[in-house]
Amino acid sequence: MRKLLNSILALTLISALALTAASCGGSDGGGGSGKLEEIKKAGKLVVYTDPNFAPFEYIGDDETIVGVDIALAEEIAAELGVTLEVNSAKFDSILMALKGGKGDIAISGFTITEERRESVDFSDPYIDSVQYLILPEDSGISALE
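A brief report on the enclosed structure follows. (Residues numbered from 1 in each chain as written. Predicted model: local features only at pLDDT ≥ 70, side-chain atom pairs only at ≥ 80, totals over all residues. Heavy atoms only, no water.)

1. Examining the environment of lysine 90
Working step 1: Note on placement: lysine 90 falls in the loop between strand E5 (83–88) and helix H4 (91–99).
Working step 2: The exposure class assigned to lysine 90 is exposed, which follows from its relative accessible area of 68%.
Working step 3: Sequence separation between lysine 90 and aspartate 50 is 40 residues; the distance between their C-alpha atoms is 5.5 Å. (Helix = DSSP H or I, 4+ residues; strand = E, 2+ residues; numbered from the N terminus. Buried < 20%, exposed > 50% of the residue type's maximum accessible area, 1.4 Å probe, protein only.)

Here it is, written out as structure tokens:
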């Protein structure tokens with residue numbers, strides 16, 4: 001079951017990679033396959049992440065970046081037949097690194113917003129998360145405002 005889920009997620013992100021390449025104007029004139037061919041020719045998939053969001057991405061015991069998102073990126077690289085190069089960056093700089101051509105994909109806990117959609121393409125979401133603010137009962141705070 002895990003292998004099936006990983007394959008589905010990998011295919012979803014490969015599709016997103018193709019869309020990202022198309023929006024960035026791949027070497028084939030914007031058709032998308034140019035970026036995929038560049039990755040295959042280079043023999044590696046370069047990913048940027050901020051390894052401070054366990055269990056999705058974090059620094060493991062051996063000082064390498066690991067986590068759910070990294071496992072997903074490994075599946076994508078394997079599906080493409082290339083190696084994976086994982087680069088650490090501060091969260092706020094990841095999309096700039098991607099737009100600047102330093103990486104092929106970004107994988108981190110991105111919230112999909114309309115503003116971000118204007119400059120990058122996203123895969124289908126593969127996890128929904130909610131943020132909570134937890135306070136002691138006697139904090140005196142009763143509303144978010």
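2. Things to note about the sheet that holds E5
Working step 1: The strand order E5-E1-E6 describes an open sheet built from three strands, whose pairing is parallel. Of all strands in the sheet, those bounded by a partner on one side alone are E5 and strand E6 (105–106).
Working step 2: When strand E1 (residues 44–49) meets E6, the two strands line up parallel, connected through two bridges. Counted as the bridge partner of tyrosine 48 is alanine 106 from E6.
Working step 3: Packed onto the sheet, helix H3 (residues 68–80) meets E1, E5 and E6 and runs at close to 145° relative to E5. (Pairing = 2+ DSSP bridges. Contact = heavy atoms within 4.5 Å. Axes fitted to C-alpha atoms, helices over the stretch in contact; angles between N-to-C directions.)

3. Comments concerning the sheet that holds strand E3 (residues 57–59)
Working step 1: If you trace the three strands from one edge of the open sheet to the other, you get E2-E3-E4, paired in antiparallel fashion. Two strands close off the open sheet at either side, each with one partner strand: strand E2 (52–53) and strand E4 (65–66).
Working step 2: Sheet topology places E2 next to E3; two bridges connect them, and they run antiparallel. From the neighbouring strand, asparagine 52 faces E3, where its bridge partner is tyrosine 58.

4. Thoughts on the nonpolar core
Working step 1: One finds Leu36, Ile39, Leu45, Val47, Leu72, Ile76, Ala77, Leu80, Val82, Ile105 and Ile107 forming the largest nonpolar core, which totals eleven residues.
Working step 2: For this core, the secondary-structure elements that each account for two or more residues are helix H2 (33–42), E1 and H3.
Working step 3: A total of four residues in this core trace back to one element, the largest contributor, which is H3.
Working step 4: Ranked by size, the runner-up nonpolar core spans nine residues in total, among them Tyr48, Ala89, Phe91 and Leu95. (Core = buried A, V, L, I, M, F, W, Y, C linked by side-chain atoms within 4.5 Å.)

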